[in-house]
Every structure is written in C-alpha cells, then in structure tokens.
Amino acid sequence: MAKTNNGTAASPSAKTHKSLSMYEAVLARFNKAAELYNLPADLAEILRVPMKQVKVNLPVMMDNGKVKVFEGYRIIHSTYLGPSKGGIRYSLDVNDDEVKALAAWMTYKCAVAGLPLGGAKGGVTCDPRTMSAGELERLTRQYTLAMVDVFGPNLDIPAPDMGTGKREMAWIVDEYSKLKRESQPGVVTGKPITLGGSKGREAATGRGVMIHTLEAMKKIGIDRKKSTAAVQGFGNVGANAAQMLHSKNINVVAISDYTGAYYNEKGIDLTKALQHQKKHNNTLEGFTGGDIITNEELLTLNVDVLVPAALQNQISAEIAHKIKAKLIVEGANGPTEVEADDILHDNGVIVVPDILANSGGVTVSYFEWVQNQQGYYWPEDEVNAKHDAYMEQAFEMVWYNSKQYKTNLRLGAYITAFKKLEKALRYRGTY
C-alpha cells in the first residue's frame with residue numbers, strides 16, 4: 001500500500017486512464033503558465049530542468065546480518081534565490097521522476113512564499129515500516145555520508161518528508177557534524193527542538209492549510225461558522241489541518257487514511273480520532289466516530305471545503321466532475337491531476353494549489369534555518385505570527401496574479417514564482 005506525504009497511506013482514487021508521471025504533470029502546468037506569462041524562452045529552458053541530480057547506492061547491514069543495497073537520490077532543481085531546500089522521503093515509490101517533480105515544486109513553493117531559498121528533494125527507495133530503528137539509523141547515516149558534499153547550511157538543506165521525521169533529521173545532524181568536525185545544526189530543518197529545531201515546525205504545514213483556507217473563504221464569501229470540511233489523509237498535515245480548521249469553527253465532517261474513510265454529519269470528534277489513531281498503530285482502522293465511506297465518497301461529499309492531504313493524483317478528471325466542494329485546499333503535493341484542473345475551474349471550484357497551500361512547512365523550516373544561523377530561538381507565538389504573515393502575503397500575491405492574468409490560482413502561483421525567478425536569473429546572468 002502506498003503511503004501519504006505524512007507517513008500514512010491513502011486509498012487510491014478510481015482512474016480510467018493512465019496518469020501523467022509527476023514530472024510530466026509539473027511540466028504541463030509549467031508550460032501553460034509560461035505561455036500565459038510569456039516567460040522568455042531562455043529562462044523557460046533553464047527552469048524546465050534540474051541543476052544537479054545525484055544518485056547513490058547505499059549498502060546497509062540489516063539486522064539479519066545480510067547487506068542490502070538501497071538506491072538514494074538528491075536532486076537540486078535550483079539555487080537561483082538561495083540555498084536549495086527540500087525534504088527527504090523514505091518510500092518504495094521513490095524514483096528519479098518523483099524526486100525531480102518534488103524538487104521543481106520546491107523551487108516554485110519557496111518563490112511563492114517569498115523565501116530566499118531554491119528547490120531540492122531527496123529520497124531513498126525503501127519501506128521504513130518494515131525496517132527496525134537500527135536499520136533506519138544505519139541507512140540514514142550512509143545516506144548522509146554519500147551526500148556530505150551536497151548538503152550544507154549554505155548549500156542544500158534537507159527536511160523531513162514522507163517516511164522521515166525529527167528522528168532521522170537528528171541522525172543527519174549528528175553524522176554530518178561528525179564528518180565536518182564541527183557542530184552544524186543548520187544542515188537540516190525539522191530537527192528536535194533540543195538540537196536546534198524550531199517551535200511550531202511540526203504543525204506548520206497544517207497551519208498553512210488553515211490560513212489559506214480562511215483567506216480563500218473570505219475572497220469567495222463562505223461563512224466559516226456555517227461551513228463544513230472533509231480532510232483526506234490523517235497524517236501530520238491532515239490531522240493538524242483538521243484540528244486547526246475545527247478551531248476556527250469549520251465543522252470537519254469527514255476524515256480518512258489508508259484503512260478507511262469516516263463521515264459524521266454532526267462533525268468528527270477529532271480528539272477521539274487522534275486517541276484512536278495513537279492506540280491503533282497510527283491508523284484510523286476501526287474508528288467508531290463516523291460511518292464508513294469510500295475514498296471517492298469522501299472526495300465528492302457535499303461540503304464547502306475539501307482538503308486532499310494524502311497521495312498525489314487523487315482528484316482525476318472523473319472525480320473532478322463529481323466534486324461538490326466550493327473550495328479545494330491542497331495539503332498534499334500533486335493531489336489533482338492535470339486533466340482535472342480545467343474541469344474544476346469550469347465548474348467554479350476554487351483550488352488553492354499545493355505550491356501555495358502547503359508552503360507553511362517550508363516557511364517555518366526557513367525560520368528554523370534563520371534561528372540556527374543566529375543561534376537565537378523564538379517563542380512559538382512569534383513563529384506562528386511570522387508564519388501567518390508570510391502565508392497571507394503569499395495568498396494575496398497569487399490571488400492578484402490569477403486575476404491579472406485571468407486564470408486559476410494554480411497558474412497564478414506559477415506566475416508569481418516566475419516573476420521572482422526571472423528577476424533573479426536576469427541579475428545573475430547566464431554564460
């Protein structure tokens with residue numbers, strides 16, 4: 001079973017056609033936005049391809065005494081706005097195409113959020129659910145050793161992603177610092193707070209989803225106190241987003257993970273859902289706080305807000321025709337297929353795209369990196385206030401560009417990124 005971007009899995013949507021690969025989907029949207037914006041051909045040529053691609057083989061001693069070799073990747077899409085930034089995935093689905101797509105999205109995500117960072121992504125093809133803590137530690141340290149000349153606080157800064165978390169980031173900090181023979185807490189973000197992590201980081205992506213939901217609701221006139229929401233995926237992003245939407249008086253009536261989807265017309269008791277998840281191997285299986293529904297039923301519920309926070313390619317063209325939500329806020333990377341974009345737009349559904357909606361995580365990662373550079377750490381309320389200001393400003397810029405170019409928010413977000421990247425590339429020059 002495939003896992004979500006938060007470490008949990010989700011049931012795939014029904015599809016009747018072969019989807020574009022992730023990188024093909026990136027390029028399809030890139031090309032549309034480039035044509036609309038009239039991005040100069042030379043700059044488009046540069047931005048269509050990553051700057052650097054690193055692939056390594058990682059021999060790891062397993063607990064049974066045998067050596068297993070894992071494939072590892074790190075792809076740097078750009079450093080035009082600053083050091084590259086992007087997570088590390090541990091998943092059986094990790095491959096060159098996926099990592100390239102995620103690295104490109106990070107370039108645009110950082111530019112949209114107004115961060116002085118470029119885009120990168122990394123990963124190892126493995127199933128962390130079947131590996132012991134010792135095996136994962138040895139794998140992580142081998143990966144760090146292989147990437148020691150790629151990573152760096154002013155070069156390339158990893159973070160957690162699917163299948164990794166603060167534990168893995170702590171191992172990277174430790175291994176990298178040993179290899180460099182000096183303390184380097186800024187080499188990664190998403191670390192434990194005791195090792196230089198930032199308060200507010202774990203909930204930041206979900207918090208960003210909440211802020212963008214509220215901003216979009218204001219624009220299109222949805223009264224949040226009378227609104228309902230469905231959240232697909234109940235990992236870090238989905239669970240935090242659901243709780244924060246609930247805290248803003250938005251009634252979350254449906255949640256899901258790979259074991260099933262649950263609907264309660266009166267609203268899901270999120271506290272009970274989290275308690276159940278904790279007691280049942282981090283899954284919702286057997287949850288009694290709602291009626292069991294299918295993944296497709298969750299996506300097509302008659303709610304005001306839909307938050308896909310699970311796998312990519314969940315909203316196909318077929319599903320898009322059935323969507324009843326007025327607003328979709330993408331907590332996951334690439335949850336909407338290219339063919340679905342025009343259908344949703346024509347049906348009047350507002351989609352806050354992934355490169356805007358889930359940029360809260362990288363924004364607070366940037367704050368963590370800044371705090372590491374300064375050696376001075378901020379209280380959580382200050383982190384959250386700065387985060388919210390960045391998110392609100394990013395939303396306004398994307399909304400403005402979507403209106404200026406008479407397009408949807410997704411292409412408006414790409415255009416917002418193009419404007420910043422174009423200036424950076426022109427100032428830097430090419431030769």
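Residues numbered from 1 in each chain as written. Predicted model: local features only at pLDDT ≥ 70, side-chain atom pairs only at ≥ 80, totals over all residues. Heavy atoms only, no water.

(A) Representation of the packing of helix 3 (residues 96–113) against helix 15 (residues 409–428) in the model. The N-to-C vectors of helix 3 and helix 15 enclose an angle of 80°; their axes lie 8 Å apart at closest approach. Taken together, the axes of helix 3 and helix 15 are roughly perpendicular relative to one another. On the side of helix 3, the interface is formed by Trp105, Thr107, Tyr108, Ala111 and Val112, while helix 15 contributes Ala413, Tyr414, Thr416, Ala417, Phe418, Lys420 and Leu421. For the contact of helix 3 with helix 15, the per-class residue count stands at nine nonpolar, two polar and one charged. (Axes fitted to C-alpha atoms, helices over the stretch in contact; angles between N-to-C directions. Helix = DSSP H or I, 4+ residues; strand = E, 2+ residues; numbered from the N terminus. Parallel < 35°, antiparallel > 145°, perpendicular 65-115°, else oblique. Contact = heavy atoms within 4.5 Å. Nonpolar A, V, L, I, M, F, W, Y, C, P; charged D, E, K, R; others polar.)

(B) Looking closely at unusual backbone geometry. One non-glycine residue, Arg181, adopts positive backbone phi at about 60°. With respect to the helices and strands, the residue Arg181 is situated in the loop between helix 5 (166–180) and helix 6 (204–220). Judged by its relative accessible area of 77%, Arg181 falls in the exposed class. (Buried < 20%, exposed > 50% of the residue type's maximum accessible area, 1.4 Å probe, protein only.)

(C) Representation of the packing of aromatic side chains. Enumeration over the complete set of coordinates arrives at 15 aromatic pairs. Ring geometry for Tyr37 versus Phe418: centroids 6.1 Å apart, planes at 35°, classification tilted. On the criterion of sequence distance, the pair formed by Tyr37 in helix 1 (residues 22–37) and Phe418 in helix 15 is long-range, its members being 381 residues apart. Cluster of aromatic residues (ring-pair linked, three or more members): Phe30, Tyr37, Tyr108, Tyr405, Tyr414 and Phe418. A cation over a ring is seen here: Lys386 above Trp378, with NZ or CZ 5.0 Å from the ring centre. (Phe/Tyr/Trp six-rings, centres within 6.5 Å; stacked < 30°, edge-to-face > 60°. Lys NZ or Arg CZ within 6 Å of the ring centre and 35° of its normal.)

Keep in mind that these numbers describe shape and distance, not what the molecule does.
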